Protein chains: 2
Amino acid sequence: MTEMATRELTVARDVLHATVVTIGSALGMPEADARILAESLVEADLRGVHTHGVAALTGYARRLRGGGVNPTPRVRVTHTRGAITIVDADHGLGQIGSQFAMERAIEAARASGIGAAAVRNSSHFGAAAFYAAMALPHDMIGFATTSAGNRIAPIGGRTPVVGNNPFAWAIPAATERPIILDMAQSVVAAGKIGMAARKGEKIPFGWAMDGQGRPTDDPLAGAAGLLVPIGGPKGFGLALIVDILCGALSGAALGRELAKPHQPDTPSQIGHFFMAIDVASFTDVASFKARVDGMIRQVHESEPASPGTPLYVPGEIEWRLRERRVSDGIPLLKSIVADLKALADELGLGASIATAT
Amino acid sequence: MTEMATRELTVARDVLHATVVTIGSALGMPEADARILAESLVEADLRGVHTHGVAALTGYARRLRGGGVNPTPRVRVTHTRGAITIVDADHGLGQIGSQFAMERAIEAARASGIGAAAVRNSSHFGAAAFYAAMALPHDMIGFATTSAGNRIAPIGGRTPVVGNNPFAWAIPAATERPIILDMAQSVVAAGKIGMAARKGEKIPFGWAMDGQGRPTDDPLAGAAGLLVPIGGPKGFGLALIVDILCGALSGAALGRELAKPHQPDTPSQIGHFFMAIDVASFTDVASFKARVDGMIRQVHESEPASPGTPLYVPGEIEWRLRERRVSDGIPLLKSIVADLKALADELGLGASIATAT
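The rules behind these values
Residues numbered from 1 in each chain as written. Chains lettered and ligands numbered in written order. Predicted model: local features only at pLDDT ≥ 70, side-chain atom pairs only at ≥ 80, totals over all residues. Heavy atoms only, no water. Helix = DSSP H or I, 4+ residues; strand = E, 2+ residues; numbered from the N terminus. Rg over C-alpha atoms; globule rule 2.2 N^0.38 Å. Contact = heavy atoms within 4.5 Å. Areas by Shrake-Rupley, 256 points an atom, 1.4 Å probe, with all protein chains shown as cover. Lys, Arg positive; Asp, Glu negative; His and termini not counted. Charge placed at Lys NZ, Arg CZ, Asp CG, Glu CD. Buried area = accessible area lost by both parts, 1.4 Å probe. Salt bridge = Lys/Arg side-chain N within 4 Å of Asp/Glu carboxyl O. Buried < 20%, exposed > 50% of the residue type's maximum accessible area, 1.4 Å probe, protein only. Polar contact = N/O pair within 3.5 Å; in protein donor to acceptor, adjacent residues only side chain to side chain. Core = buried A, V, L, I, M, F, W, Y, C linked by side-chain atoms within 4.5 Å. Expected span 1.5 Å × (residues − 1). Pairing = 2+ DSSP bridges. Axes fitted to C-alpha atoms, helices over the stretch in contact; angles between N-to-C directions. Least-squares fit on C-alpha atoms with pLDDT ≥ 70 in both. 1 Å grid on protein atoms, 1.4 Å probe; cavity = no way out; pocket = protein on both sides within 12 Å on 5 of 7 lines; lining within 4 Å. Points joined across faces, edges and corners; volume = space filled by probe spheres on them. Domains from an automatic or database assignment. Phe/Tyr/Trp six-rings, centres within 6.5 Å; stacked < 30°, edge-to-face > 60°. Lys NZ or Arg CZ within 6 Å of the ring centre and 35° of its normal.

### What about the overall build of chain A?
No. 1: Regarding its fold elements, chain A presents 13 helices and 14 strands.
No. 2: For 357 residues, the compact-globule estimate of 2.2 N^0.38 gives 21 Å, and chain A sits close to it at 20 Å.
No. 3: In terms of principal-axis extent, the alpha carbons of chain A reach across some 55 × 50 × 50 Å.
No. 4: A separation of at least 24 residues holds for 67% of the contacts in chain A among residues at least 6 apart in sequence.
No. 5: For chain A, the accessible area works out to roughly 13,400 Å², and carbon and sulfur atoms hold 53% of it.
No. 6: Distance between charge centroids for chain A: 4 Å, based on 33 positive and 34 negative side chains.

Below you can see the structure in the form of structure tokens.
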């Protein structure tokens, strides 16, 4: 047994889901909302995106209890016109307003071929892929994006003005797994720099800059400093466009207005933007999906540079992991399980979640 | 006077525009279409994007004369539903069907808040920024993207399956210049590798891979091989998503079906996808644009890492160049001017375009 394996506990999907619902309810959320939250977090853990899985619950709890997040938001449509909707998320967890808004975008796309929704007064929504993927059962292409706390400076600058704003695209396929591209705009995720800091390892130059905008190999300076965007001005540009889609269309915070979206006692003012594109409005769905399958096979059948290297489409590694974890359970770091237990204890819940293997 | 300056001729914008119209007409294009072409190419040269400026005309002429591009396309709407339109570009120059399609997307956005158009049976459309920017006078956000010949392999692979598919976003501002992000998915443009090859200079590792998918510093191997996508799987993923938006929604070629889109005698089968988002449908236009201005100023007012370094938003360098060139003329490489003259001579035109300074 590897050291990593000894540091993990395996938890069944349903057990983990029920635990989140129990904790969410104890934090004052209506059960239906706690179920949306559980779906979003457990789905991320199933796909191996643990930063957006149940590990996020501790921070959410702090904000739900501190007043920064409203446990009982009255999510509502403030404005609609044609195929677009503006949603006020009433300072709830981002998952609640986002699921609502993506449903509106899907409805609009069914009627108009394309639909969009912008959300204001929201907070961290978890993994973008979750909302983009909501389009898939409707044979639609999904797009989901959010603003996030400032971590990226203009090229040549040292004051961060935009977040490492992620977006996700989801594309339906026929017999192949759907394509899901969920990406932020930095060369590496902030979590990887934090991991190096915890291990006391240097990071490669090109991952981060210190607070003065200088390249650094010190993970602590990098964690306190700036993320390096992919392709320099390209990644910075993408983060800026997302900031405007999420902030300026909806009336949410923009740029440095969003400097500290994770304070326990202050609303985030994070914004989101969602879009759905109805394949059937453009073309025959079966033929579209067969062609996407063909595209996926072109990727698989591309010649590898080194013999035997598997070639993947975006999201494929996560789908494969998900399939295994749905049947075998989800391996979680012991520290994450311990945090969940501590939270449950604090809330006076007897719930025990771990089924160690 | 630098060596570069001696190798350039300065041509007035109107003179260059008229030259393209004359050449386009001599190639059999209706004058209205030749004007669209001239607008697209001269605009790119004004913005300093010379690869998509009049330098492209020689290749276009070869395809217009060889039968690969139809000089008199009957661009038509094949299908419309709600806020989306499918356009058949009838194998004309990409500029013709693309301007038509972006106009449809803008109309749809005026009615529905968001609109989209997909184009099939098209060819190279020049700079994506041109179509995205069409949204700006309507106080809309524009998005434009196209498929392109295969230059990017899956991560770990050596068979290219997607193009270095560019896209552009345009965002209206109030007193500041609009934001225009026009980017392809590679670390550097193919043209930069070609330039190094012509100069006999090595390229840095990380720009390109040879035909076997191995990193290379040889510009000739790189030019014949693969482009490296930004952020590895992120850039590859973006190119793949664009391919599907442009190919699978419209019925244009997809992936390796588009291996050779620039043959003189064979239609390209390139596809495009356009989108417009109507700001007024979401929020008050004046307040939106004032907030975008504020975001642009946040970028300008960010602290530079080295004192005095100017900080830019996407498209700003190109706007500044454009302002100078509108009044002072467009510097063009002597070789580009010579190619234009040779083309004019071949077509029996007496037109002389150069106004050397």
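### Concerning the interface of chain B and chain A
No. 1: Contacts between the two partners involve 79 residues from chain B and, on the opposite side, 80 residues from chain A.
No. 2: Across the chain B to chain A interface the summed buried area is about 6,100 Å²; carbon plus sulfur atoms make up 71%.
No. 3: On the chain B side of the interface with chain A, the three residues burying the most area are Lys234, Phe282 and Arg291 of chain B, jointly 12% of the side's total.
No. 4: Linking chain B with chain A are 2 salt bridges.
No. 5: A salt bridge links Arg291 of chain B to Glu257 of chain A; its shortest N-O distance comes to 2.8 Å.

### Things to note about the side chain of Asn164 of chain A
Residues and elements named next belong to chain A.
No. 1: Tracing the chain through its elements places Asn164 in the loop between strand 7 (162-163) and strand 8 (167-171).
No. 2: Exposure remark for Asn164: the relative accessible area of 13% places this residue in the buried category.
No. 3: A polar contact is formed between the side chain of Asn164 and the backbone nitrogen of Gln185, at a distance of 2.8 Å.
No. 4: There is a polar contact of 2.8 Å between the side chain of Asn164 and the side chain of Ser186.
No. 5: When residues no more than four places from it in sequence are discounted, the contact partners of Asn164 are Gly149, Ile152, Ala184, Gln185, Ser186 and Leu227.

### Quick notes on the nonpolar core
No. 1: Residues Ile244, Leu249 and Phe273 of chain A together with Ile244, Leu249 and Phe273 of chain B are the most contacted members of the largest nonpolar core, which totals 104 residues.
No. 2: Residues contacting Leu249 of chain A, with those up to four places away along its chain left out, are Ile86, Ala118, Ile244 and Phe273 of chain A together with Ile141, Ile277, Val279, Phe282, Thr283 and Phe288 of chain B.

### Describing helix 5 (residues 94-112) of chain A
Residue and element names in this part refer to chain A.
No. 1: For helix 5, spanning 19 residues, the distance from its first C-alpha to its last is 26 Å, which sits close to the expected 27 Å at 1.5 Å a residue.
No. 2: Burial analysis of helix 5 places 14 of its 19 residues in the buried class, which makes it a mostly covered element.
No. 3: A positive backbone phi angle near 90° is found at Gly113, which sits one or two residues after helix 5.

### Focus on the sheet that holds strand 5 (residues 140-146) of chain B
Residues and elements named next belong to chain B.
No. 1: Reading across the sheet, the 7 strands line up as 2-3-4-13-5-8-9 and stay open at both edges, with mixed pairing between neighbours. The sheet is open, and its two edges are formed by strand 2 (76-81) and strand 9 (179-183), each paired on a single side. Strand-to-strand twist in this sheet, taken as the mean axis angle between neighbours without regard to direction, amounts to 10°.
No. 2: For strand 3 (residues 84-88) and strand 4 (residues 114-122), the ladder comprises 5 bridges, and the chain directions are parallel. The residue of strand 4 that forms the bridge with Thr85 is Ala117.

### Digging into the relation of the copies chain B and chain A
No. 1: For the pair chain B and chain A, the superposition axis carries a translation of 0.0 Å, the fit reaches an RMSD of 0.0 Å, and the rotation angle comes to 180°. Here the two chains are linked by the operation of a two-fold rotation axis. Among all C-alpha atoms of chain B, that of Ile230 of chain B lies closest to the rotation axis, at 2.9 Å.
No. 2: Most of the interface of chain B is mirrored in chain A: 100% of its interface residues are interface residues there too.

### Things to note about the pattern of salt bridges
Residues and elements named next belong to chain A.
No. 1: Applying the stated criterion across every chain yields a total of 30 salt bridges over all chains.
No. 2: Between Glu346 and Arg65 there is a salt bridge, and its shortest N-O distance comes to 2.6 Å. Of the two residues, Glu346 sits in helix 13 (residues 334-346) while Arg65 sits in helix 4 (residues 57-66), which places them 281 residues apart along the sequence.
No. 3: By relative accessible area, Arg65 is classed as partly exposed at 46%.
No. 4: For Asp293, the salt bridge is made with Arg297, and the minimal N-O distance between the two is 3.5 Å. Of this pair, Asp293 and Arg297 both sit in helix 11 (residues 285-300), 4 residues apart, which is roughly one turn of that helix.
No. 5: Look at Arg297 and you get partly exposed, because its relative accessible area is 34%.

### Focus: the pairing of strand 9 of chain B
All names here are of chain B.
No. 1: The element strand 9 is largely enclosed, with a buried count of 4 among its 5 residues.
No. 2: Judged from the 5 bridges that link them, strand 8 (residues 167-171) and strand 9 form a sheet pairing that is antiparallel. Paired with Ala170 across the two strands is Ile180, which belongs to strand 9.

### Observations concerning empty space enclosed by the protein
No. 1: As enumerated under the stated definition, the model contains 2 cavities of 30 Å³ or more in all.
No. 2: Within this model, the largest cavity holds a volume of roughly 140 Å³.
No. 3: Taken together, 14 residues form the lining of the largest cavity, with Phe143, Phe167 and Trp169 of chain A together with Phe167 and Trp169 of chain B sitting closest to its centre.
No. 4: Elements with a contribution of two residues or more to the lining of the largest cavity: strand 8 and helix 9 (233-247) of chain A together with strand 8 and helix 9 (233-247) of chain B.

### So, the domain arrangement of chain A
All names here are of chain A.
No. 1: Assigned domains within chain A: domain 1 (1-66 + 318-357) and domain 2 (73-186 + 229-301).
No. 2: Using C-alpha coordinates to define each centre, domain 1 is positioned 24 Å away from domain 2.
No. 3: Each side of the interface is counted separately: domain 1 has 19 residues, and domain 2 has 24 residues.
No. 4: Taking both partners together, domain 1 and domain 2 bury about 1,800 Å²; carbon and sulfur atoms supply 62% of that area.

### Quick notes on helix 2 (residues 13-26) of chain A
No. 1: Helix length check: helix 2 of chain A (14 residues) gives 20 Å between terminal C-alpha atoms against 20 Å at 1.5 Å per residue, within 8%.
No. 2: Those residues of helix 2 of chain A not exposed but buried are Leu16, His17, Thr19, Val20, Val21, Ile23 and Gly24 of chain A.

### Things to note about the packing of aromatic side chains
No. 1: Throughout the structure, instances matching the rule amount to 14 aromatic pairs over all chains.
No. 2: Relative to Tyr131 of chain B, the ring of Phe125 of chain B lies with its centre 4.8 Å away and its plane at 40°, an arrangement referred to as tilted.
No. 3: Residue classification places Phe125 of chain B among the buried positions, given a relative accessible area of 1%.
No. 4: Between Phe143 of chain B and Trp169 of chain B, the ring centres sit 4.6 Å apart and the planes meet at 50°, which makes this aromatic pair tilted. Of the two residues, Phe143 of chain B is situated in strand 5 and Trp169 of chain B in strand 8; the sequence distance between them amounts to 26 residues.
No. 5: Among the residues examined, Phe143 of chain B registers a relative accessible area of 5% and is labelled buried.
No. 6: Accessibility expressed as a relative area gives 6% for Trp169 of chain B, which makes it buried.
No. 7: Among the aromatic residues, those joined into a cluster by ring pairs are Phe125, Phe130, Tyr131 and Phe274 of chain A.
No. 8: The cationic tip of Arg104 of chain A hangs over the ring face of Phe100 of chain A; the distance from NZ or CZ to the ring centre is 4.2 Å.
No. 9: Across the ring face of Trp319 of chain B, the terminal group of Arg47 of chain B is positioned such that the distance to the ring centre comes to 4.6 Å.

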